[in-house]
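# Descriptive structure summary
Next come the chains, spelled out residue by residue.
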Amino acid sequence: MIKRSSKKYINKLLDDNPNWKVLDIGCGYGAHKKASVVCDVLDLSKFYEDKTFIKLETEILPFKDKEFDFVIASHVLEHVKDIDIFIKELERVSSKGYIEVPTKLEDNLVFENKKDHIWHMEFDDINYELIISKKVQYFEPILTVSTIKKLSEIFKQSLVLELYWENQIKYKKNVESKITQKFSRLYLLRKFISKNLRTFFRKN
């Protein structure tokens, strides 16, 4: 089962279960405060001296089956080359967890995402299924990571997918994405100028 959720709900869930063993994987310097174990491809052992830090060396997570009560993968799936293996590994090491990924819109807006991200994510609310497809850059990015974080506070549902899962992460992968149209910065700028000119002349 996988469904839409919120970080607020997840925080309360973890607060209500202080004895859970929690893994935060691929979090960089932003591990969840309730995570007892942190795993990342970078060596952040000195940064996480108050937690157990494990450096990820292979695609297979260095943990036993169902070793954790909860696993957090926030803004990780879109980076992973073999996403099938990664999802299976999440299911193997824990029975439930939280996934956070950018929407297609957010993914296209941010400069850093252009080269760093591999996959686009959508969620099917009818079949309760994560839809994964190859990333398509529909227009040239215009925002920095710091800017999008500020905008996410206001437009979170438009920019971020927050998902809770138990037992199984149901998903479907579409390897080939249909590119209907791409929009250049020049095209967007022309549309913006044209709209403002029309508005100006109507008023005058």
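Provided above is the structure to which this section pertains.
To start, this report covers the structure provided alongside it. (Residues numbered from 1 in each chain as written. Predicted model: local features only at pLDDT ≥ 70, side-chain atom pairs only at ≥ 80, totals over all residues. Heavy atoms only, no water.)

A word on the state of the cysteines. Within this structure, the stated rule accounts for zero disulfides. A disulfide-free cysteine, C27 has its sulfur positioned 8.7 Å from the sulfur of C39, the nearest such atom. By relative accessible area, C39 is classed as buried at 0%. (Disulfide = S-S within 2.5 Å. Buried < 20%, exposed > 50% of the residue type's maximum accessible area, 1.4 Å probe, protein only.)

Looking down a regular strand, the side chains alternate between one sheet face and the other. Counted residue by residue, strand β8 (residues 129-134) has five buried out of six residues, so it is predominantly covered. For strand β7 (residues 119-124) and β8, the ladder comprises six bridges, and the chain directions are antiparallel. Following the sheet pairing, W119 is matched in β8 by K134. Once β7 ends, the chain turns through four residues before running back antiparallel as β8, passing Y128 with a positive phi of about 50°. When β8 meets strand β10 (residues 171-174), the two strands line up parallel, connected through four bridges. The partner of I131 across the bridge, within β10, is K172. (Helix = DSSP H or I, 4+ residues; strand = E, 2+ residues; numbered from the N terminus. Pairing = 2+ DSSP bridges.)

This part covers the layout of surface pockets. The calculated volume of the largest pocket comes to roughly 1400 Å³. Along its surface, the largest pocket is lined by 47 residues, and G26, S74, H75, V76 and H79 are the ones closest to its centre. Put simply, the parts of the chain that give the lining of the largest pocket at least two residues each are α1 (7-16), β2 (22-25), β3 (37-40), β5 (70-74), α2 (83-93), β6 (96-102), α4 (113-116) and α5 (145-159). With six residues, the top contributor of residues to the lining of the largest pocket is α5. Across the lining of the largest pocket, the residue classes tally to 20 nonpolar, twelve polar and 15 charged. (1 Å grid on protein atoms, 1.4 Å probe; cavity = no way out; pocket = protein on both sides within 12 Å on 5 of 7 lines; lining within 4 Å. Points joined across faces, edges and corners; volume = space filled by probe spheres on them. Nonpolar A, V, L, I, M, F, W, Y, C, P; charged D, E, K, R; others polar.)

A few words now on the sheet that holds β5. Pairing is mixed in the open sheet, where seven strands are placed in the order β1-β9-β6-β5-β2-β3-β4. Single-partner strands in this sheet number two, and they are β1 (2-4) and β4 (52-55). Strand-to-strand twist of the sheet, defined as the mean angle between neighbouring strand axes without regard to direction, takes the value 20°. Lying on the sheet, α1 is in contact with β2, β5, β6 and β9 (160-166); it crosses β5 at an angle near 150°. (Axes fitted to C-alpha atoms, helices over the stretch in contact; angles between N-to-C directions. Contact = heavy atoms within 4.5 Å.)

Moving on: the environment of K33. Within the element layout of this structure, K33 appears in the loop between β2 and β3. The spatial distance from the C-alpha of K33 to the C-alpha of N11 is 9.4 Å, given a sequence separation of 22 residues.

L23, I25, F63, L77, F86, L90 and M121 are the most contacted members of the largest nonpolar core, which totals 30 residues. Listed by contribution, the elements that provide at least two residues to this core are β2, β3, β5, α2, β6, β7, β8 and β9. With five residues, α2 is the single largest residue contributor to this core. The contacts of F63, once residues within four sequence positions are left out, are L23, V37, C39, I54, F68, R92 and V93. One finds W20, V22, A35 and Y164 within the second-largest nonpolar core, a separate group that totals ten residues. (Core = buried A, V, L, I, M, F, W, Y, C linked by side-chain atoms within 4.5 Å.)

What follows is about the side chain of Q137. Position of Q137 relative to the elements: it lies in the loop between β8 and α5. At 3.1 Å, the side chain of Q137 and the backbone oxygen of N108 are in polar contact. Reaching out from Q137, the side chain makes a polar contact with the backbone oxygen of F139 at a distance of 2.9 Å. (Polar contact = N/O pair within 3.5 Å; in protein donor to acceptor, adjacent residues only side chain to side chain.)

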